[in-house]
Amino acid sequence: MYRPIKKVVIVGGGSAGWLTAGVLASHFQSAERGGLEVVLIESPDVATIGVGEGTWPSMRTTLQKMGVSESDFIRECDASFKQGSRFDNWVTGDNDHYYHPFSLPQGFGDLNLVKYWQTVRDKISFTDAVTQQGQICDHGLAAKQITTPEYAFNVNYGYHLDAGKFAKFLQKHCVEKLGVAHILDHVTSINSRPNEDIESINSKHNGAIAGDLFVDCTGFASLLIGEHYKIPFNNLDNILYNDSALAAQVPYVNEDDPIASHTLSTAQSAGWVWNIGLPSRRGIGHVYSSKYISREGAERELRDYLEPIIGRRDAEELSVRSISFKPGHRQQFWHKNCVAIGLSAGFVEPLEASALVLVEYSAKMIAQQMPENREMMELTSKRFNDKFSQHWQQIIDFLKLHYLLNQRNDGGFWQDNRNKESVPQSLQESLTLWRNQAPWLDDAPHFDDLFSSASFQYVLYGMGFVSHLSQLTLRDEEAGLAAANGLFNENVKKTNQFLASLPKNRDLLNKIKTVGLKKL
Ligand SMILES: Cc1cc2nc3c(=O)[nH]c(=O)nc-3n(C[C@H](O)[C@H](O)[C@H](O)COP(=O)(O)OP(=O)(O)OC[C@H]3O[C@@H](n4cnc5c(N)ncnc54)[C@H](O)[C@@H]3O)c2cc1C
């Protein structure tokens, strides 16, 4: 007799738990109408991580599909627009910077502009040559206008948000609009079936809670996939050295101070400082490697960073939260009838904000591939594990690329990051190719790769990488040059248009607070 999948129990109510609940409950009808029963249990005794303030553009689709009003989300989660990241001092440490924007290079699907840009690389940065977004960020402009409907954009964007408010906001939406059952209780132990599936979880006050599929969103506790199933952990600290963070909530000096449209990431002696602008405050923190700098040293660098922003006294007095993590991920994410999403599945430093997007992708894949019955789950889980191993490998390669290409001479952290032994084989192979050919469409081996080859282009050429391209003359050489010049000129035109027409980030956010965006 096949056991049908009718009830999903999510353990954990951080961003991962509530996003998963929202994606599943908005995909399926409620149980009374023949759909899926979604239950979320979270402990009143274990706090959520409370950080995680940067998202990808994918969050727009995720929220829209859940039926969230973008104006409500912006107001209630203290959210602002994120158009990408700017990396300061990552190359030489001598006032260098580059952008990794969310918009693709001009005409990306038709022509690879790297070859044409390389001939003028001394005059203009790669980003400024191929997209408007670096300039838009430099001017602190928003990604859209007040007349642009909810979730639509003039230039591509994700969000910066308050993680605590986001989980609460999602909880309210999931419970009130999507029929998710919410239990506030602590899970104490697990009851297994003879085949080692989870039959139910025991909670302190609500007894045993049974289900067909269990989602482990318990954060670093990793209660089901780690503690219970003991799925081994792939430790990545030999590749990505950062294992600690100091996080602070930083007030604006004046309430109308500009809000940056991008995450600012500034390299330090053994890590980097993030600076994220929300409407009511900034989120600023230091991610570092405890092997290369002490907690006190890292805090000193963070307070030095804060001083020009809020003044010496406030910088010294500001309270700072310390977080440790083991960089890595589980060897499997879906085992038996249990799937791990969020920090329980793994975490590496937040350099490219790749954690929440993995949550979104995981929940989406479960919704779309929800096995009909327990027997089908064996195949679904295998595919899920393959897919997310692939995503993790790409994240590791992409993050390592940011470190590998540094030319800094100020300490072991940066030098060791260039050691060949610390570079995954897959990235070494890619770099060998890219020395002679610029990454482009064919470099994306999977249609659903998290990072497109455009992202690799922005980091490679932002960091000064040179591709010694083929000397073979193409038959359509002249047409290619003409098309490239056309795209470069179009970019200049569009840049000027956007600089003249887009509002300041704060002005648009203030307007959204009062009048809201038009519904689509
Ligand atoms: C310094 C730092 C910066 C980050 N920045 C970003 C970023 O910019 N962008 C991004 O995408 N991600 C970022 N992340 C990652 C992001 O914060 C997380 O991926 C995200 O918040 C999801 O967390 P979570 O829900 O898995 O875990 P948590 O928020 O820790 O939630 C765990 C939940 O499990 C519950 N729980 C635990 N034990 C039990 C139990 N026994 N019984 C019942 N419930 C239990 C807790 O009560 C809680 O509700 C960052 C992480 C760190 C550490």
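Predicted, not measured: the structure shown is a model, and the values here were computed from it. (Residues numbered from 1 in each chain as written. Predicted model: local features only at pLDDT ≥ 70, side-chain atom pairs only at ≥ 80, totals over all residues.)

**A look at the environment of phenylalanine 126**
In plain terms, the rule: For helices the rule is a DSSP run of H or I covering at least 4 residues; for strands it is a run of E covering at least 2, with both sets numbered from the N terminus onward. Placing C-beta atoms from the backbone, we regard two residues as in contact once those atoms come within 7 Å.
As for its placement among the helices and strands, phenylalanine 126 is situated in helix H5 (residues 126-130). Beyond its immediate sequence surroundings of up to four residues, phenylalanine 126 is in contact with Trp117, Gln457, Tyr458, Tyr461 and Gly462.

**As for unusual backbone geometry**
The condition that has to hold: Around each residue's C-beta, the other C-beta atoms within 10 Å are counted; 20 or more make the residue buried, 12 or fewer make it exposed, and counts in between make it partly exposed. All C-beta atoms are placed from the backbone.
Phi is positive for glutamate 196, which is not a glycine, with a value near 75°. Position of glutamate 196 among the secondary structure elements: in the loop between strand E8 (187-192) and strand E9 (198-203). Overall, the presence of 12 C-beta atoms within 10 Å leaves glutamate 196 in the exposed class. Its identity is not glycine, yet serine 222 carries a phi of approximately 45°, on the positive side.

**Let's talk about the domain arrangement of the protein chain**
What counts here: Marked domain ranges trace back to an automatic or database domain assignment. The residue classification treats Ala, Val, Leu, Ile, Met, Phe, Trp, Tyr, Cys and Pro as nonpolar and Asp, Glu, Lys and Arg as charged. All others, Gly included, are polar.
Taken as a whole, the protein chain is organised into domain 1 (7-78 + 160-236 + 327-392) and domain 2 (244-324). Relative placement of domain 1 and domain 2: their C-alpha centres are 29 Å apart. Taken together, the contact pairs nine residues of domain 1 with 11 residues of domain 2. Its residues placed into classes, the side of domain 1 that touches domain 2 shows three nonpolar, two polar and four charged.

**Describing the sheet that holds strand E15 (residues 271-277)**
Going by this rule: DSSP-based pairing: two strands are paired if at least 2 bridges between them are found. In this analysis, axes come from line fits to C-alpha atoms, helices being fitted only over the stretch in contact, and the angle between any two N-to-C directions falls in the range 0 to 180 degrees.
Ordered in space as E5-E4-E14-E15-E16-E13-E17, the seven strands form an open sheet in which the pairing is mixed. Whereas interior strands pair on both sides, the edge strands pair on one side only; in this sheet they are strand E5 (97-101) and strand E17 (321-324). With strand direction ignored, the average angle separating the axes of adjacent strands in the sheet is 20°. Pairing analysis gives four bridges linking strand E4 (residues 84-88) to strand E14 (residues 263-268), with the strands arranged parallel. Bridge pairing in E14 links aspartate 88 to threonine 266. Across the sheet, helix H9 (residues 295-310) is in contact with strand E13 (244-251), E14, E15, strand E16 (281-288) and E17; its angle to E13 comes to roughly 25°.

**Quick word on the site of the ligand**
This is how the line gets drawn: Any residue whose backbone-placed C-beta atom lies within 6 Å of a molecule or strand is treated as near that molecule or strand.
Taken together, 37 residues sit near the ligand, with Gly12, Gly14, Gly52, Gly219 and Gly342 positioned nearest. Every element with two or more residues in the shell around the ligand is listed here: helix H1 (15-27), strand E2 (37-42), E13 and helix H11 (354-368). Looking at the shell around the ligand, the element that brings in the most residues is H1, giving three residues. Partitioned by chemical class, the residues of the shell around the ligand number 20 nonpolar, 15 polar and two charged.

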